[in-house]
Amino acid sequence: TTVFVSGATGFIALHVVDDLLKAGYKVIGSGRSKEKNDGLLKKFNNNPNLSMEVVEDIAAPNAFDEAFQKRGKDIKVVLHIASPVQFNTTDFENDLLIPAVNGTESILEAIKKYAADTVEKVVITSSVAALAAPTDMSNNGFVVNEESWNKDTWESCQADAITAYCGSKKFAERAAWDFVKENQSAIKFTLSTINPGFVFGPQLFTNSLKNGINSSSAIIAKLVRSKASGKFYNFSGPFIDVRDVSKAHLAAFENPKCAGRRLFLCEDLFCSQEVVDVLNEEFPQLKGKIATGEPGSGPGYLAKN
Ligand code: NDP
């Protein structure tokens, strides 16, 4: 079985590619340049079951056509993981919302055009952000289920980068479910989505951080590099280990029960206070140098909300 993985060079996708190869699948990944793709092939020791295609910008029209025209007939499963995850922008439409939605629509269109008979399963990496708006996520009494949708509109998403990112996940996921509904007679695949909370855990390759660490790992990295005297903000949210997120991508297409489902992945809630407590206790080289907050106050946000 051959699995296509978009955005194969990313934090989560690298674990997925690794798990797929270990499970005996053939993998076709997409990355933004030949240079990035060659680097990834090298990291996997030029595994003969792994090949790469260039998809430079998922925001561009028909971004996935070339790759699917070339390889579509071999592909049985598509894992669409690529999407912008960055908060350092003020151009929310062009840097977040449009690429997320266009990327999702163009990969589904490419399947319909070139691989409608071969692709049986599509899994889209959505987010808890598609289930709840940031303002709801900080409300401890807020409950989500498979029917929940982030309430933000395209307009209210223009407030700030976090709101826009969350909106980008909602609008992209919505576009996928709408596509499936509207194209029932032209496709044969079933759709599942993976909706994780903040994803933490090891980088698959420790030398893959040349261009900076991915956004969710940066939350921990910032605390490691915090100053003892600096201002401490006790940030909180739902989290899940990247290795579990990767496993869920495989389960989503291997387990028939996952067809048509949204898989919300959350181990528990975390807060920055707990992270700095662990860093101060377990890493003597950091003690006294990094933020301490109010040690032992634990998940203070639970009591306050
Ligand atoms: P990364 O930034 O490491 O991965 C994102 C991937 O998408 C990269 O390979 C990136 O390529 C690619 N990409 C982004 N924009 C474009 C574009 N315009 N054209 C082509 N490729 C693009 O982040 P993660 O691994 O964390 O994220 C993977 C997925 O998981 C995303 O869909 C994200 O929304 C979702 N997710 C992540 C969570 C987290 O906490 N990490 C939580 C919930 C969902 P390049 O690096 O070359 O730019």
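Use the structure listed above.
Residues numbered from 1 in each chain as written. Predicted model: local features only at pLDDT ≥ 70, side-chain atom pairs only at ≥ 80, totals over all residues. Heavy atoms only, no water.

Student: For the pairing of strand β2 (residues 26-31), give the residues involved together with the corresponding values.
Tutor: Among the six residues in β2, five count as buried, and that is most of the element. As paired strands, strand β1 (residues 2-6) and β2 are joined by four bridges and run parallel to one another. Across the sheet, the residue bridging to Phe4 is Ile28, located in β2. Two elements, β2 and strand β3 (residues 50-54), share five bridges in a ladder whose sense is parallel. Residue Ser30 lies in a different strand from β3, and its bridge partner there is Glu53. At this point the chain moves from β2, through helix α2 (residues 34-43), to the parallel β3, and the crossover so formed is right-handed. (Buried < 20%, exposed > 50% of the residue type's maximum accessible area, 1.4 Å probe, protein only. Helix = DSSP H or I, 4+ residues; strand = E, 2+ residues; numbered from the N terminus. Pairing = 2+ DSSP bridges. Right-handed = clockwise from strand over helix to strand, strands pointing away.)

Student: Give me the lowdown on the environment of Ser33, citing residues and values where you can.
Tutor: On the secondary structure map, Ser33 appears in the loop between β2 and α2. The spacing of Ser33 and Ser217 is 184 residues in sequence and 23 Å in space, taken between C-alpha atoms.

Student: Now, about the pairing of β1: what can you tell me, with residues and values included?
Tutor: Most of β1 is tucked away: five of the five residues are buried. In the classification by handedness, the crossover that spans β1, the intervening helix α1 (residues 11-22) and the parallel β2 is right-handed. In this sheet, strand β4 (residues 77-80) lies alongside β1 in parallel orientation, the contact comprising four bridges. Note on β4: the bridge partner recorded for Val3 is Val77.

Student: Residue-level account of the site of the ligand, with values.
Tutor: Around the ligand there are 26 residues in total, and Arg32, Lys36, Tyr165, Lys169 and Val199 lie nearest to it. Within the backbone of Gly10, one N or O atom sits 3.3 Å away from an oxygen atom of the ligand. Ile12 is positioned with one of its backbone polar atoms (N or O) 2.9 Å from an oxygen atom of the ligand. Compared with its free state, where it exposes 880 Å², the ligand has 87% of that area covered by protein. Contributions of two or more residues to the shell around the ligand are made by α1, α6 (161-182) and β7 (198-200). Across the shell around the ligand, the residue classes tally to 11 nonpolar, 10 polar and five charged. (Near = heavy atom within 4 Å. Polar contact = N/O pair within 3.5 Å; in protein donor to acceptor, adjacent residues only side chain to side chain. Areas by Shrake-Rupley, 256 points an atom, 1.4 Å probe, with all protein chains shown as cover. Nonpolar A, V, L, I, M, F, W, Y, C, P; charged D, E, K, R; others polar.)

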